[in-house]
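Inside the fold
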Amino acid sequence: MRRTALAALCIAAAATAGLTGCQPGQDTSDSGTGVSSTSAAPAKSAAKKEPFAGLTGGEIAEQATKATTGASSLRMKGDIPDDESGGTISLDVALNKRGECAGTIGMGGKGRTELIKSGDLVYMKFDEAFLREQSDGESKSDTDAAVAMLAGKWTKTKATGADAKEFGDFCDLTKVLEGAEDTGSDATRGKTTTVDGAPAIVLHEKDGKDRYTLYVATEGKPYLLRVDSTAGADQGSVTFSDFDEPVPAQKPAGEILDLDALGG
């Protein structure tokens, strides 16, 4: 079954993180979500030029696909259910096409990891809750020892290693965006709104039982700002921002534990 290009971005973001879905989408009229409707704007705003005048929803989607996949870097943020664990994974990571990334990955109240990938090294800092969750099934003494050694401390490992290889694809924006270049979108136009203060137009796409709400920037380049999966197997929300901005993927300061040496 065909999956439209922009909708594929949400799925790609989830799949490359080893995830299986996204957090249920929010009501876009709720200002707490960062998306607010402008349908009730004062009358004077009605004189403003209509965004993407004369273009169909599909044509707007094609422009957004080209702009978004052409970005050298961006930031992805969302709360994504993990079918395997039954929990929620919180994602807030900046990444680029050079394979660099920096951000945080949370395990739905069961801990968080700070992540930096630079060159052929992956740096991670785990909190205590994450280490205890990952040590499920281990003895209390072994778990306590791991927490004492690693919690709150930066570690490093080769990106090609077994424990870090999964981040190779996730931190490479080119691989994350693979499969999102497909055109021929059947999107329909919706209302205008804002996403975190940025003016946007709403598009609606469908693929079988799946339904997607897309938010495309109406000022500057027509980047995709947000995807909500509102019905179907992969319901959730992912936002995109900081297009073409440098990724802060510098080596952490201070002492860094070498996991490869510890394991050797």
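A brief report on the enclosed structure follows.

With that settled, the discussion passes to helix α4 (residues 140-150). Along α4, the positions that sit buried rather than exposed are T143, V147 and L150. The buried residues of α4 all sit within an arc of 90° when viewed along its axis, so they share a single face. Looking at α4, the residues exposed on the side facing more than 90 degrees away from the buried face are S141 and A148. A positive phi of about 75° marks G152, the residue just after α4.

Attention shifts here to the packing of aromatic side chains. According to the stated counting rule, one finds two aromatic pairs in the structure shown. When the ring of F126 is compared with that of F130, the centres are 5.4 Å apart and the planes differ by 10°; the resulting orientation is stacked. In this structure F130 comes out as buried when scored by relative accessible area, which is 13%. Summarising the aromatic geometry, the rings of Y223 and F243 are spaced 3.9 Å apart at their centres and angled 5° between planes, so their arrangement reads as stacked. With Y223 in the loop between β10 (210-217) and β11 (224-231) and F243 in the loop between β12 (236-241) and β13 (256-258), this pair connects stretches of sequence that are 20 residues apart. F243 matches Y223 in its accessibility class, with the two residues each being buried.

Rules used throughout
Residues numbered from 1 in each chain as written. Predicted model: local features only at pLDDT ≥ 70, side-chain atom pairs only at ≥ 80, totals over all residues. Heavy atoms only, no water. Buried < 20%, exposed > 50% of the residue type's maximum accessible area, 1.4 Å probe, protein only. Helix = DSSP H or I, 4+ residues; strand = E, 2+ residues; numbered from the N terminus. Arc of directions from axis to C-beta. Phe/Tyr/Trp six-rings, centres within 6.5 Å; stacked < 30°, edge-to-face > 60°.

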